[in-house]
Amino acid sequence: MKEPTIQIESLSTGYRGKNNVTVVAHDINATIRGGELTCLLGPNGAGKSTLLRTLSAFLPPVSGNITIMGRNLNDYSDKELAKTIGVVLTEKTDLRNMSVEDLIGLGRSPYTGFWGTLHEDDRRVVAEAIEMVGIGPLKDRMIQTLSDGERQKVMIAKALAQQTPVIFLDEPTAFLDFPSKVEIMQLLHTLSRTTGKTIFLSTHDLELALQIADTIWLMDKEKGVMIGTPESLASDGSLNSFFSQRGIEFNIHKVDGSLCIIPKLAH
Amino acid sequence: MKRSVIINMLVITTLILVLFLLNVALGSVSIPTRAAWNILWGVPDQDPIWTNIILKSRVPQTLVAIVAGAGLAISGLHMQTVFRNPLAGPSVLGICSGASLGVAFVVLLSGSIGGVALSRLGFAGDIALTVGAIAGALAVMALIVYVSQRVKGNVTLLIIGVMIGYVANAIIGVLKYFSVEEDIRAYVVWGLGSFSRVSGNQMSLFVTMMCILLPLSFLLTKTLNLLLLGDAYARNLGLNIKRARLLVISYSGILVAVVTAYCGPINFLGLAVPHLCRAVFRTSDHRILTPACVLMGALFALACSLIARMPGIEGALPVNSVTALVGAPVVISVLFRRRKEDTAE
């Protein structure tokens, strides 16, 4: 059994205003394990991003506890957090005139000194990250010349260079074409196996997630969070009930060992 | 550092030296180059009038241009990075307008309330102007820093800055309306910008201040590089965004305040030079851009100062007109060339 690296106890996420608190998700209890790829699925507005922002300590929890690597998230300093959690976001950076290698080098910032100069060790880590993600040929290219898929790989390499045990990705495949989506998801799956890192991502690519993820989180405004392996969620009917709420029914088949989801269309 | 970077820096440094000499040698009073050279090196027994012109007027003016250009370029670079907006510059956040407001108060009110036209006060008037400009600029800067700690979005902050600028300009308009013509003229002249307004002790003070302030910009290198990634990524890499904004805005605000106090509001330079540097050095890395902006800003200001005092021009053209007239075509052509190369890749 893989070790749980993140423990979430009766967590409510949301935003604090001046006089009121807007709660987005109630009472989440879960664990996320290292060496696994966990995918967070849910409709828009279910609170996926809010949850990710809360887990990354960008946003304080409304109530409840998050424990990462055995320590409460509140007890981490900014510096320690930067060495514990790496993030990859949906939005493109508007960065220009910076080489891929330099950008990945910025991932070393939590470790570098006052001037941000990379030393021998840092360069080795950057080279390893480039190697792991398989973007060697791109390393001298300028960021603005890359495709969206390549750019996302660079950001993943940046997170790897950060050498954090945990990586959170907020819809990393959102703007990519289908082959690139598959490529990124497979890359993340492989990374979770080879590095033992805890990789947790939100996505809308249901089928892909069901086939590649080790654990699926289904998030919904009313029902909260349902967690399980893709198979268990399919067989206990959670997947079906999750989608049928929106008036669309699905047939879930198992073809050659992978799950297939086919919407029942009216003819 | 790459070889091309070092070569570019050396070329710019050489050009600065050449322009420095030209600035000293050329002017509305023609002095033979040989004599100018000798005076510069302190060779004794030179024409006292020429010595006076060169040491009391041209050299100070050239030094002022160098440090002012460098300061404005650095402040523009910082503003563009912290707001992640290519149109940001020293003048957008209302800091320049704040300085203008301070000066307007001093110039326009001294006439109406004190009953003395400041333009007749001479030296004391100069100091009053400087103090007014610094006070105005710092007041607006403090306001912006206060807002920056409370507002999340960069665009919101930028818009608030621009709004504060409009308010300042509106107040200036009202002040002008109630002022005597003589004072308005003094204010307008200040607003044209000039590297030659400062002289003597004030010049030494200004250059010393800038020589202390400019190297401090290197301390913000890592912070600025992280800010390039956007707030979320920067924060994830351990940067305290609020503190970073506070430091960057205060630092470049103080630079602008000091330069504007001594040279008047010079608009174009701070916006253009960082773009020029990015295009020439093809990088966003502040470890290269910071020294590049110092050098390029100095070079740009020297070129403008030279053109403003070309022989044949009586007196001096306003620096503000020259910077934009000469600078805009240069910047546009460089950006165009780079764009073509980018698409050709």
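Before reading on, note that the structure itself is shown above.
Below, the structure is looked at part by part.

Reading the values: rules and limits
- Residues numbered from 1 in each chain as written.
- Chains lettered and ligands numbered in written order.
- Predicted model: local features only at pLDDT ≥ 70, side-chain atom pairs only at ≥ 80, totals over all residues.
- Heavy atoms only, no water.
- Helix = DSSP H or I, 4+ residues; strand = E, 2+ residues; numbered from the N terminus.
- Contact = heavy atoms within 4.5 Å.
- Areas by Shrake-Rupley, 256 points an atom, 1.4 Å probe, with all protein chains shown as cover.
- Lys, Arg positive; Asp, Glu negative; His and termini not counted.
- Charge placed at Lys NZ, Arg CZ, Asp CG, Glu CD.
- Core = buried A, V, L, I, M, F, W, Y, C linked by side-chain atoms within 4.5 Å.
- Buried < 20%, exposed > 50% of the residue type's maximum accessible area, 1.4 Å probe, protein only.
- Domains from an automatic or database assignment.
- Patch = residues over 30% accessible without salt bridge, like charges linked within 9 Å, V, L, I, M, F, W, Y side chains within 5 Å.
- Salt bridge = Lys/Arg side-chain N within 4 Å of Asp/Glu carboxyl O.
- Polar contact = N/O pair within 3.5 Å; in protein donor to acceptor, adjacent residues only side chain to side chain.
- Disulfide = S-S within 2.5 Å.
- 1 Å grid on protein atoms, 1.4 Å probe; cavity = no way out; pocket = protein on both sides within 12 Å on 5 of 7 lines; lining within 4 Å.
- Points joined across faces, edges and corners; volume = space filled by probe spheres on them.
- Expected span 1.5 Å × (residues − 1).
- Bend = angle between axes of the 7 residues up to and from the residue.

### A short note on the overall build of chain A
- For chain A, the helix and strand inventory stands at nine helices and twelve strands.
- Overall, chain A is about 60 × 45 × 40 Å in size when its C-alpha atoms are taken along their principal axes.
- A sequence separation of at least 24 residues applies to 67% of the contacts in chain A between residues at least 6 apart.
- Accessible area for chain A stands at about 12,300 Å²; split by element, carbon and sulfur atoms hold 50% of it.
- On chain A, the mean spot of the 27 positive side-chain charges and the mean spot of the 32 negative ones are 3 Å from each other.

### Concerning the nonpolar core
- If you look at the biggest cluster of nonpolar residues, it comprises 179 residues, and the most contacted ones within it are Ile-104 of chain A together with Phe-206 of chain B.
- Among the elements that take part in this core, helix H13 (residues 286-308) of chain B stands out by supplying 14 residues, more than any other.
- Two domains each provide a minimum of three residues to this core, namely domain 1 (1-84 + 167-189 + 197-267) and domain 2 (92-163) of chain A.
- Filtering out sequence-adjacent residues up to four positions away, Phe-206 of chain B remains in contact with Val-64, Val-67, Ala-68, Val-258, Val-259, Tyr-262 and Cys-263 of chain B.
- Listed in part, the nine residues of the second largest apolar core include Phe-20, Ala-25, Ile-31 and Ile-39 of chain B.

### Brief notes about a positive patch on the surface
- On the surface, Arg-53 of chain A together with Arg-150, Lys-152, Arg-235 and Lys-242 of chain B cluster together into a patch of positive charge.
- Following the sequence through the fold, Lys-242 of chain B ends up in helix H11 (residues 241-263).
- Using a relative accessible area of 48% as the deciding quantity, one classes Lys-242 of chain B as partly exposed.

### Re the side chain of Thr-283 of chain B
- If you trace the backbone, Thr-283 of chain B turns up in the loop between helix H12 (268-281) and H13.
- A distance of 2.9 Å separates a polar side-chain atom of Thr-283 of chain B from the backbone nitrogen of Asp-285 of chain B.
- Beyond its immediate sequence surroundings of up to four residues, Thr-283 of chain B is in contact with Asn-97 of chain A together with Arg-278, Ile-288 and Leu-289 of chain B.

### Regarding the state of the cysteines
Residues and elements named next belong to chain B.
- Within the structure shown, the criterion is met by zero disulfides over all chains.
- Not part of a disulfide, Cys-96 finds its nearest cysteine sulfur in Cys-263, a span of 11 Å.
- Take Cys-304: it sits in no disulfide, and the sulfur closest to it among the cysteines is that of Cys-263, at 13 Å.
- On the basis of relative accessible area, Cys-304 is assigned to the buried category, the value being 2%.

### Things to note about empty space enclosed by the protein
Residue and element names in this part refer to chain A.
- Applying the stated rule across the entire model yields one cavity of 30 Å³ or more.
- Taken as a whole, the largest cavity holds about 130 Å³ of empty space.
- As for the largest cavity, its lining consists of 15 residues, of which Thr-90, Glu-91, Lys-92, Arg-151 and Gln-152 are closest to the centre.
- Counting residues per element, the lining of the largest cavity draws most heavily on helix H5 (residues 148-161), at four residues.
- A domain-level breakdown of the lining of the largest cavity finds at least three residues from each of domain 1 (1-84 + 167-189 + 197-267) and domain 2 (92-163).

### A closer look at helix H3 (residues 48-82) of chain B
All names here are of chain B.
- Here H3 spans 50 Å end to end across 35 residues, near enough to the 51 Å set by a 1.5 Å rise per residue.
- The principal kink in H3, of about 30°, is found at Ile-54.
- One or two steps after H3, the chain reaches Arg-84, where phi turns positive at roughly 45°.

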